[in-house]
Amino acid sequence: QVQFVESGGGLVQPGGSLRLSCAASGSIFSISGMGWYRQVPGKQRELVARITTNGRTNYADSVKGRFTISRDYAKNTMYLQMNSLKPEDTAVYYCNVDRGYDYLWGQGTQVTVSS
């Protein structure tokens, strides 16, 4: 019965910033990892950033140094701060929770970087 609500996407110019949020409507148990994925039509969904329960983070090489993932367990919310955005960052971004035995996905939010 857990449901995610994603927000923060939109249209920005190259070099701009966006902050994505993923809020869960209910408590999530047995969390192994949480992350953000993105997908462009015709291509497979790719991992953008991941954070474990102990705070360890991993980033795709393409976003390292520009994106920052964080979470607030009390608010059941995960964030993705995106800075220095590039046109190649354009995609639908999905939040994800790995519970070890299954995955939970958000509905996705569109990010478009264009001048």
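Going by the structure above, here's the rest.
Residues numbered from 1 in each chain as written. Predicted model: local features only at pLDDT ≥ 70, side-chain atom pairs only at ≥ 80, totals over all residues. Heavy atoms only, no water.

Asker: Got a minute to help me understand the side chain of D89 in this structure?
Answerer: Looking at the element boundaries, D89 is found in the loop between β8 (77-82) and β9 (91-98). Judged by its relative accessible area of 0%, D89 is buried. At 2.8 Å, the side chain of D89 forms a polar contact with the side chain of R66. A polar contact of 2.8 Å, which involves the side chain of D89, links it to the backbone nitrogen of K86. (Helix = DSSP H or I, 4+ residues; strand = E, 2+ residues; numbered from the N terminus. Buried < 20%, exposed > 50% of the residue type's maximum accessible area, 1.4 Å probe, protein only. Polar contact = N/O pair within 3.5 Å; in protein donor to acceptor, adjacent residues only side chain to side chain.)

Asker: What's the story with the sheet that holds β8 in this structure? I'm lost.
Answerer: What holds strands together in a sheet is hydrogen bonding between their backbones, with the strands either parallel or antiparallel. Here we have 4 strands laid out as an open sheet, ordered β1-β3-β8-β7, and antiparallel in their pairing. Of all strands in the sheet, those with a lone pairing partner are β1 (4-7) and β7 (67-72), marking the two edges. Between one strand axis and the next, the sheet turns by 15° as a mean value, whatever way the strands run. The sheet contact formed by strand β3 (residues 18-24) and β8 spans 6 bridges and is antiparallel. Paired with L20 across the two strands is L80, which belongs to β8. (Pairing = 2+ DSSP bridges. Axes fitted to C-alpha atoms, helices over the stretch in contact; angles between N-to-C directions.)

Asker: Looking at this model, I keep getting lost on the packing of aromatic side chains. Mind explaining?
Answerer: Two aromatic rings are characterised by how far apart their centres lie and by the angle between their planes. If you walk through the whole model with that rule in mind, you get 1 aromatic pair. For R19, the ring lying beneath its charged end belongs to Y79, and the centroid distance is 4.1 Å. Sitting above the plane of the Y94 ring, R45 keeps its charged end 3.8 Å from the centroid. (Phe/Tyr/Trp six-rings, centres within 6.5 Å; stacked < 30°, edge-to-face > 60°. Lys NZ or Arg CZ within 6 Å of the ring centre and 35° of its normal.)

Asker: Teacher, can you tell me more about the state of the cysteines here?
Answerer: By definition, a disulfide is the covalent link that joins the sulfur atoms of two cysteine residues. Tallied over the full model, the rule gives 1 disulfide. There is a disulfide in this structure between C22 and C95, and the S-S distance comes to 2.0 Å. Given an S-S torsion of about 45°, the disulfide between C22 and C95 has right-handed geometry. Of the two residues, C22 sits in strand β3 while C95 sits in strand β9, which places them 73 residues apart along the sequence. This pair shows no difference in class: C22 is buried, exactly as C95 is. (Disulfide = S-S within 2.5 Å.)

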